[in-house]
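# Chains, contacts and geometry: an overview
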Amino acid sequence: MQVAAGTGWGPAGVVAPETLATLTDSPEPHAIWIRASSGADPIQLVGDLDKLADPVGATIDNGLQARETEDQQLRILTWSVLGLLGIAVVIALIGIANTLGLSVLERAREHAMLRALGLTRRQLRRMLAAEAVLLSVVATLLGTVIGVGFAWVGYETFVTRALRDATMRVPWPSLGVVVLVAVLAGLLAAVLPARRAARVTPAAGLSLD
């Protein structure tokens, strides 16, 4: 006889109907499993079931509430990580803007020479925007590779020893969104340095020391 067991079932096992028929001719129900619909309130559902179970002296093993508690903890952890990611993006914006600002100051004569050779203000702004995008994309890709590498090391070192059936999944769509956000952040960080560089005339820029 093969008996299947699982979490949330209480002290009960599951057998095939044919097996149950060979065990007894008059089976009596001792447990009822209830599947909750998506979006059901676990607390309200348990309250309604208690009203039905109390008159007959039945007990309720609520696996939905435990799962909801675990999901809430995961949501809190996820939003915490996203908050840290947002702070990192803001810091990256300041770093890229600072790098480009120093670049504009140090290469003022170079930019003026390019303007004197025919480079327009719009083309200069595009050049600095492309530089900012390259900085942000390269940093994002490097950080992604390092992060996935550390995650794989942690998975092989700790997770596989605790949970043998656990698998590692890399969220490629989410990482793609992070790269897109990095591109937009680079463009945003390049706005002020590019406008400052474009305001300097070629004659004024070539006269700078």
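Preceding this section is the structure that the text describes.
As a further point, take the overall build of the chain. Looking only at helices and strands, the chain features eight helices and zero strands. Here the C-alpha radius of gyration of the chain, 31 Å, is well above what a compact globule of 209 residues would show, namely 17 Å. Expressed as lengths along the three principal axes of its C-alpha atoms, the size of the chain is roughly 105 × 40 × 25 Å. Expressed as a percentage of the 209 residues in the chain, the buried residues total 14%. For the chain, long-range pairs separated by at least 24 residues make up 63% of all intrachain contacts whose partners lie at least 6 apart in sequence. For the chain, the accessible area works out to roughly 15900 Å², and carbon and sulfur atoms hold 64% of it.

Turning next to the nonpolar core. If you look at the biggest cluster of nonpolar residues, it comprises six residues: I96, L100, A129, A132, A189 and A190. Those elements giving two or more residues to this core turn out to be α3 (63-106) and α5 (121-162). Not counting chain neighbours up to four residues away, the residues in contact with A132 comprise I96, L100, G186 and A190. Within the second largest apolar cluster, five residues are counted, among which are V104, L128, A194 and A197.

A word on the packing of helix α4 (residues 108-116) against α5. Where α4 contacts α5, the two axes come as close as 10 Å, and the packing angle between them is 135 degrees. On the basis of their axis angle, the class for α4 and α5 is oblique. The crossing of α4 and α5 is right-handed. In this structure, α4 uses H111, L114 and R115 to contact α5, whose residues at the interface are R121, L124, M127 and L128. Of the residues in the contact of α4 with α5, the class split is four nonpolar, one polar and two charged.

As a further point, take α3. The terminal C-alpha atoms of α3, which comprises 44 residues, lie 64 Å apart, in line with the 64 Å expected from a rise of 1.5 Å per residue. When we look at burial in α3, the residues that qualify are I96, L100, S103 and V104. Those residues of α3 hidden inside the fold are in contact with α4, α5, α6 (172-189) and α7 (191-199).

Each value, and the rule that gives it
For every chain, the first residue of its written sequence is number 1, and the numbers climb from 1 along that sequence. Residue-level local features of this predicted model are given only where pLDDT is at least 70; pairs of side-chain atoms are given and counted only at 80 or more, and the full residue set underlies all totals for whole chains, interfaces and linings. Where side-chain values are given, they derive from all heavy atoms of the structure, hydrogens and water being excluded. Helix and strand definitions here come from DSSP, where helices need a minimum of 4 consecutive H or I residues and strands a minimum of 2 consecutive E residues; each element is numbered from the N-terminal end. The globule rule used here is 2.2 Å times the number of residues to the 0.38 power, and the radius of gyration it is set against is calculated over C-alpha atoms. Using a 1.4 Å probe on the protein chains alone, a residue whose accessible area is under 20% of its type maximum counts as buried, one over 50% counts as exposed, and one in between counts as partly exposed. By definition, residues are in contact when any of their heavy atoms lie within 4.5 Å. We get accessible surface area from the Shrake-Rupley algorithm with a probe of 1.4 Å; when it comes to residues, only the shown protein chains can shield them. We call a set of buried residues a nonpolar core when its members are Ala, Val, Leu, Ile, Met, Phe, Trp, Tyr or Cys and they connect through side-chain atoms within 4.5 Å of each other. To obtain each axis, a line is fitted to C-alpha atoms, and for helices this fit is confined to the stretch in contact; angles are then taken between N-to-C directions over 0 to 180 degrees. When an angle is under 35 degrees it counts as roughly parallel; over 145 it counts as roughly antiparallel; between 65 and 115 it counts as roughly perpendicular; any other value is oblique. Here a crossing is taken to be left-handed if its near helix is turned anticlockwise relative to the far helix by less than a right angle, and right-handed if that turn runs clockwise. Lys, Arg, Asp and Glu make up the charged group, whereas Ala, Val, Leu, Ile, Met, Phe, Trp, Tyr, Cys and Pro make up the nonpolar group; the residues left over, Gly among them, are polar. Under the convention used throughout, the expected extent of a helix is 1.5 Å for every residue step, that is, one less than its residue count.

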